[in-house]
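# Chain and residue survey
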Amino acid sequence: MSLYKIRLVMTEWLSRLLASFSVASTALGLFFFCSSLTPSLLPRPPILQGLLGGISLIVGYAIAKTLLGIWRFMQLRELGETNARHVSMGLLGVMSLLSILTLSRMTVWQNSIRDRMQMPPIDSSYPLSVSATSIIVAILLLLVARAVWFLVRSFANWLGRIMPPRVALVVSSVILSILIFNLVNGLIVKTALHAIDEAFAAIDEATDDEHSQSRALASLGSSDSLVPWNEIGKNGKVFVADGPTADDISELTGRSAKSPIRVYAGYNTGDSLEQRAKVALDELIRLGGFDREVLIVATPTGTGWLDPSAVDPLEYLHDGDIATVSIQYSYLPSWLTIMVEPDRSRLAAKALFRQVYSHWTALQKDSRPKLYLFGLSLGSLGSEAALDFYNLIGDPIDGAVLSGPPFPSTMWTELVRSRKPGTPAWLPEFRDSELVRFMNRDGTATSVDTDWGIMRIIYLQHGSDPMAWFSPSLAWSEPDWLKGEKAPDVSPYFRWFPVITFLQVGFDVPMATTAPLGYAHNYSPAEYIDAWIEVTAPISWTKEDTKSLKAAYADFNPSPI
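Residues numbered from 1 in each chain as written. Predicted model: local features only at pLDDT ≥ 70, side-chain atom pairs only at ≥ 80, totals over all residues. Heavy atoms only, no water.

### Focus on the overall build of the protein
Scanning the protein from terminus to terminus reveals 20 helices and eight strands. Counting every position in the protein, which comprises 561 residues, the buried fraction comes to 48%. Contacts spanning at least 24 positions in sequence make up 76% of the contacts within the protein whose residues lie at least 6 apart. When the accessible area of the protein is evaluated, it comes to approximately 27,000 Å², of which 61% is carbon and sulfur surface. (Helix = DSSP H or I, 4+ residues; strand = E, 2+ residues; numbered from the N terminus. Buried < 20%, exposed > 50% of the residue type's maximum accessible area, 1.4 Å probe, protein only. Contact = heavy atoms within 4.5 Å. Areas by Shrake-Rupley, 256 points an atom, 1.4 Å probe, with all protein chains shown as cover.)

### Things to note about a negative patch on the surface
On the surface, D432, E434, D449 and D451 cluster together into a negatively charged patch. Looking at where D451 falls in the secondary structure, it is placed in the loop between β7 (443-444) and β8 (456-460). Given the relative accessible area of 57%, D451 is considered exposed. (Patch = residues over 30% accessible without salt bridge, like charges linked within 9 Å, V, L, I, M, F, W, Y side chains within 5 Å. Salt bridge = Lys/Arg side-chain N within 4 Å of Asp/Glu carboxyl O. Lys, Arg positive; Asp, Glu negative; His and termini not counted. Charge placed at Lys NZ, Arg CZ, Asp CG, Glu CD.)

### Quick look at helix α16 (residues 410-417)
Of the positions making up α16, those classed as buried are M411, W412, L415 and V416. Along the axis of α16, the buried positions cluster into a sector of 130 degrees, meaning they face one direction only. Of the exposed residues in α16, the ones pointing more than 90 degrees away from its buried face are T410 and R417. Considering only its buried residues, α16 is in contact with α14 (378-386), α15 (389-392), β6 (436-440), β8 and α17 (466-469). (Arc of directions from axis to C-beta.)

### Side note on the packing of helix α19 (residues 525-536) against helix α20 (residues 543-552)
Where α19 contacts α20, the axes come no closer than 9 Å and their chain directions differ by 150 degrees. The angle between α19 and α20 places the two elements in the roughly antiparallel class. Our pair here, α19 against α20, has a crossing hand that is right-handed. Seen from α19, the contacting residues are A526, I529, D530 and I533; seen from α20, they are T546, L549 and K550. Broken down by class, the residue content of the contact of α19 with α20 amounts to four nonpolar, one polar and two charged. (Axes fitted to C-alpha atoms, helices over the stretch in contact; angles between N-to-C directions. Parallel < 35°, antiparallel > 145°, perpendicular 65-115°, else oblique. Left-handed = near helix turned anticlockwise from the far one by under 90°. Nonpolar A, V, L, I, M, F, W, Y, C, P; charged D, E, K, R; others polar.)

Here you go:
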């Protein structure tokens with residue numbers, strides 16, 4: 001084929017492609033694109049903003065195209081050709097101007113988030129890079145959609161030999177949708193998840209030289225541990241090997257202290273969660289955990305990580321007279337574990353709590369330790385499930401600190417929904433605040449004079465935490481946490497848009513731990529110190545001790561794994 005013919009074919013193909021575009025659909029796509037540039041909960045780098053913009057553009061285009069298709073399929077009345085062209089071009093012109101305006105405002109919007117999170121401002125949000133990335137992403141998605149539509153039409157034409165054309169089109173769409181879903185879910189998604197699973201499994205089994213076995217055994221108090229070192233994952237090794245010693249605690253408080261007890265059963269301990277929990281209980285008994293003043297049943301995050309910002313300061317509060325026990329149920333990040341095995345943390349927390357609680361209730365009330373629950377992220381979801389109040393009525397535990405409750409949390413969701421009228425969702429008050437209180441980096445909304453009941457439960461939550469506030473309902477309903485006054489760590493420019501806000505916050509979820517400490521899904525030692533003081537009420541602790549401990553952890557910034 002000559003070069004002239006190739007050019008002719010390409011020109012004709014391009015003309016047909018451009019002619020196939022719906023101007024009205026493109027206008028809605030541009031509106032979605034513009035909306036996606038507005039701020040959400042976290043600042044976004046240009047490449048991620050471009051990816052979000054491209055997806056939003058094509059989603060808006062697809063929605064408009066689908067609605068127009070349904071309208072025409074039902075043979076409803078349409079505008080005349082001239083009027084339709086004028087309306088479409090007017091919409092396209094307005095949306096083009098809006099695109100220019102919103103692109104020019106991106107830097108202001110991104111800096112409005114960064115300012116709330118005490119991050120340095122940026123000079124530019126690179127609108128050209130964002131635009132280019134968005135266009136490329138949108139074109140690639142459009143080509144994929146066109147290829148799928150070509151298959152649907154081809155199959156429908158073949159079915160048209162034996163059934164009416166419109167019925168054939170519907171049947172073809174349904175059959176190919178099922179086939180494509182099974183192909184993507186069964187092959188592409190599962191293959192990707194398998195690769196991710198293997199990668200995180202390798203990370204979990206890695207040994208960090210900084211956390212030697214000898215130091216871990218010393219912290220456990222004996223070399224006869226029931227949990228072999230090679231069965232404790234990477235995060236478990238960090239947990240049992242790190243943390244303050246008795247000397248560290250005494251140096252800060254000026255009082256004598258004990259060496260804290262830490263027990264951790266790894267992912268490879270036992271063949272089931274129940275066996276793992278039983279081994280953890282036996283190890284806790286062997287080390288004398290039930291002879292301590294305070295006992296914490298902690299549920300880790302999806303990777304098996306226990307936040308030292310929460311665990312370490314607590315051991316200072318009680319002069320080391322404390323034991324913490326935990327078991328690992330996964331090695332995937334929390335946001336990925338929610339997608340793959342959302343109930344895993346609940347099952348693990350229940351299994352461990354049943355074992356510990358059963359032994360604890362058999363002890364004399366005046367000689368047993370105070371019992372508390374702790375969980376961050378998926379750990380909060382799991383610990384929440386262990387709080388079965390029907391089983392606790394006869395012999396209640398002493399309380400819990402639950403931070404960063406993820407969006408599938410049922411109890412947290414119900415408590416926020418049932419909050420006192422007039423209190424915001426991001427810092428609510430529940431009834432008389434005797435049982436449950438909510439806290440953020442600025443404290444609680446509850447008066448300091450309010451008395452606690454028998455149990456003390458505190459939820460630590462940030463207004464900027466996408467793990468907490470993401471929900472499918474964001475696609476069609478404005479959330480309570482965006483109504484009225486916004487949380488102090490949320491951009492004042494954040495507005496709800498149908499579908500778009502769902503995509504924005506969905507993009508924020510995997511980045512929830514990239515924010516500075518004290519924002520989004522990163523909870524600071526100072527917040528935990530205040531929460532633990534409220535919940536555990538340490539007897540010998542003073543305000544001066546609190547200042548010293550917060551100062552000691554002022555620059556502490558652990559990296560979630």
